[in-house]
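# Examining the three-dimensional arrangement
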Amino acid sequence: MTDVFEEVEEDIRSERLKRLARNWLPIVGGILLVALVAALAWWGWQSFQTSRANAGSIAYQRGLEALQTGNSAGAETAFAEAEKSGNGAYKALALQQRAGLAVAANRIPDAIQLFDEAAKASGDPLLHDTAVYKSALLMMDNGGTLEALEAKLEPLTKEGRPMLPFAQEALGMTRLQFNKPAEAREMFVLLTLGQDVPDSVRQRAQAAIGMIDTGVAAGLPAIVAAQSVTPPAAPPAPSPEQLAQAAQAAQQ
């Protein structure tokens, strides 16, 4: 009888295992299939990103080599390729290089736009803040408004930002330019008290404070405005007939 009971129990266990297999194997198989597809997709995405980074790196290097030989057109083509094929970092770097070429060609609005695009192209704080800072410097010299400049520079002056002292200096100079010496002085004082401020920036801040305190800086907005006014056209050169008439008049 013992053997019979054991045989029956064995049959029952076997039947249970078969039933469990029928119920769970499709589910387990589906989970494994999804995991496999996800792993392959992740691998494919990583391979794609690596390929893009490599392509962007190669194109960016070609652009640098073209710059070294003075081939601006070749550099522009290579950096444009790096912008399209590269990942975030190389795209941001390529856009900044293209902005530099635009500055050299005196295409300032294009350069500002390219720097702004470079700031959006990468999540790296250094690449982002550097691009915004360069854009703001160009705007300072080319008719940017106080509101637009403050909107660019103030976020860069927050604690821990990589361009902090340079952004504070630019913000101070912007406020001086728009005849706000008290607000500018606050920025320069922060620079003299900062721990990680380059010596050159600290010295310029101290000089700016001296200009503000002595009233010399009050003339800065007028100087900037005068420099931005287009000088009047020179009078036309006298014709030969006019020269002859003048000579005859002088002899009489």
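Cut-off values and rules
- Residues numbered from 1 in each chain as written.
- Predicted model: local features only at pLDDT ≥ 70, side-chain atom pairs only at ≥ 80, totals over all residues.
- Heavy atoms only, no water.
- Helix = DSSP H or I, 4+ residues; strand = E, 2+ residues; numbered from the N terminus.
- Buried < 20%, exposed > 50% of the residue type's maximum accessible area, 1.4 Å probe, protein only.
- Contact = heavy atoms within 4.5 Å.
- Areas by Shrake-Rupley, 256 points an atom, 1.4 Å probe, with all protein chains shown as cover.
- pLDDT = per-residue confidence, 0-100.
- Expected span 1.5 Å × (residues − 1).
- Salt bridge = Lys/Arg side-chain N within 4 Å of Asp/Glu carboxyl O.
- Phe/Tyr/Trp six-rings, centres within 6.5 Å; stacked < 30°, edge-to-face > 60°.
- Core = buried A, V, L, I, M, F, W, Y, C linked by side-chain atoms within 4.5 Å.

Turning our attention to the overall build of the chain. Helix and strand counts for the chain stand at 11 helices and 0 strands. Reading the secondary structure of the chain in the N-to-C direction produces α-α-α-α-α-α-α-α-α-α-α. Per-residue burial for the chain yields a buried fraction of 30% across its 252 residues. Long-range contacts, defined here as pairs at least 24 residues apart, represent 46% of the contacts in the chain between residues at least 6 apart. For the chain, the accessible surface area stands at approximately 16200 Å², while carbon and sulfur atoms represent 60% of it.

A few words now on the environment of Phe 178. Here Phe 178 shows up in the loop between helix H7 (164-177) and helix H8 (181-193). Classification of Phe 178 as partly exposed rests on a relative accessible area of 31%. The sequence separation of Phe 178 and Leu 146 amounts to 32 residues, and the corresponding C-alpha distance is 6.9 Å. Not counting chain neighbours up to four residues away, the residues in contact with Phe 178 comprise Gly 144, Thr 145, Leu 146 and Leu 149.

Turning to the environment of Ala 119, a few remarks are in order. On the secondary structure map, Ala 119 appears in helix H4 (residues 108-121). Judged by its relative accessible area of 7%, Ala 119 falls in the buried class. Residues Ala 119 and Gln 96 lie 23 residues apart in sequence; the distance between their C-alpha atoms is 8.8 Å. With sequence-adjacent residues up to four places away left out, Ala 119 is seen in contact with His 128, Ala 131 and Val 132.

Mean pLDDT for the chain: 76, with 65% of residues reaching 70 or above. Considering only residues more than four positions removed or in separate chains, one finds that residues 32-51, a stretch of pLDDT under 50, has 0 contacts. Confidence drops under a pLDDT of 50 for residues 242-252, and excluding neighbours within four residues, the segment shows 1 contact in the predicted structure.

Time to look at H4. Helix length check: H4, at 14 residues, gives a terminal C-alpha distance of 20 Å against a target of 20 Å (1.5 Å per residue), a fit within 8%. Residues Ile 108, Ala 111, Ile 112, Leu 114, Phe 115, Ala 118, Ala 119 and Ala 121 constitute the buried set of H4. For H4, the elements touching its buried residues are helix H3 (88-104) and helix H5 (125-140).

On to unusual backbone geometry. Peptide bonds are trans in most cases, and residues, glycine excluded, mostly fall at negative phi. One non-glycine residue, Asn 106, lies in the positive phi region at around 65 degrees. Structurally, the position occupied by Asn 106 is in the loop between H3 and H4. Residues other than glycine seldom take positive phi values, yet Asn 179 does so here, at roughly 60 degrees. Along the chain, Asn 179 turns up in the loop between H7 and H8.

Quick look at the pattern of salt bridges now. Taken as a whole, this structure holds 10 salt bridges when the rule is applied. Residue Arg 98 is joined to Glu 76 by a salt bridge in which the shortest nitrogen-to-oxygen separation is 2.7 Å. In this pair, Arg 98 is assigned in helix H3 and Glu 76 in helix H2 (residues 72-85), connecting sequence segments 22 residues apart. Residue Arg 98 is classed as buried on the basis of its relative accessible area of 19%. By relative accessible area, Glu 76 is classed as partly exposed at 23%.

Bringing the packing of aromatic side chains into the picture now. Tallying each qualifying case throughout the model produces 3 aromatic pairs. For the ring pair Tyr 60 and Phe 79, a centre distance of 5.4 Å and an interplane angle of 55 degrees mean the geometry is tilted. Of the two residues, Tyr 60 is situated in helix H1 (residues 2-68) and Phe 79 in helix H2; the sequence distance between them amounts to 19 residues. Summarising the burial analysis for this pair, Tyr 60 and Phe 79 share the class buried.

In this section: H2. Relative to the 20 Å expected for 14 residues at 1.5 Å per residue, H2 spans 20 Å between its end C-alpha atoms, a close match to the ideal helical length. Among the residues of H2, Ala 75, Ala 78, Phe 79, Ala 80, Ala 82, Glu 83 and Ser 85 are the ones counted as buried.

In this structure, Leu 138, Leu 153 and Leu 156 are the most contacted members of the largest nonpolar core, which totals 28 residues. Within the residue set of this core, elements represented by two or more residues are H3, H4, H5, helix H6 (146-153) and H7. Excluding residues that lie within four positions of it along the chain, Leu 156 makes contacts with Asp 129, Val 132, Tyr 133, Arg 161, Met 163, Leu 164 and Ala 167. Leu 176, Ala 184, Val 197 and Ile 209 belong to the second largest nonpolar core, which has 11 residues in total.

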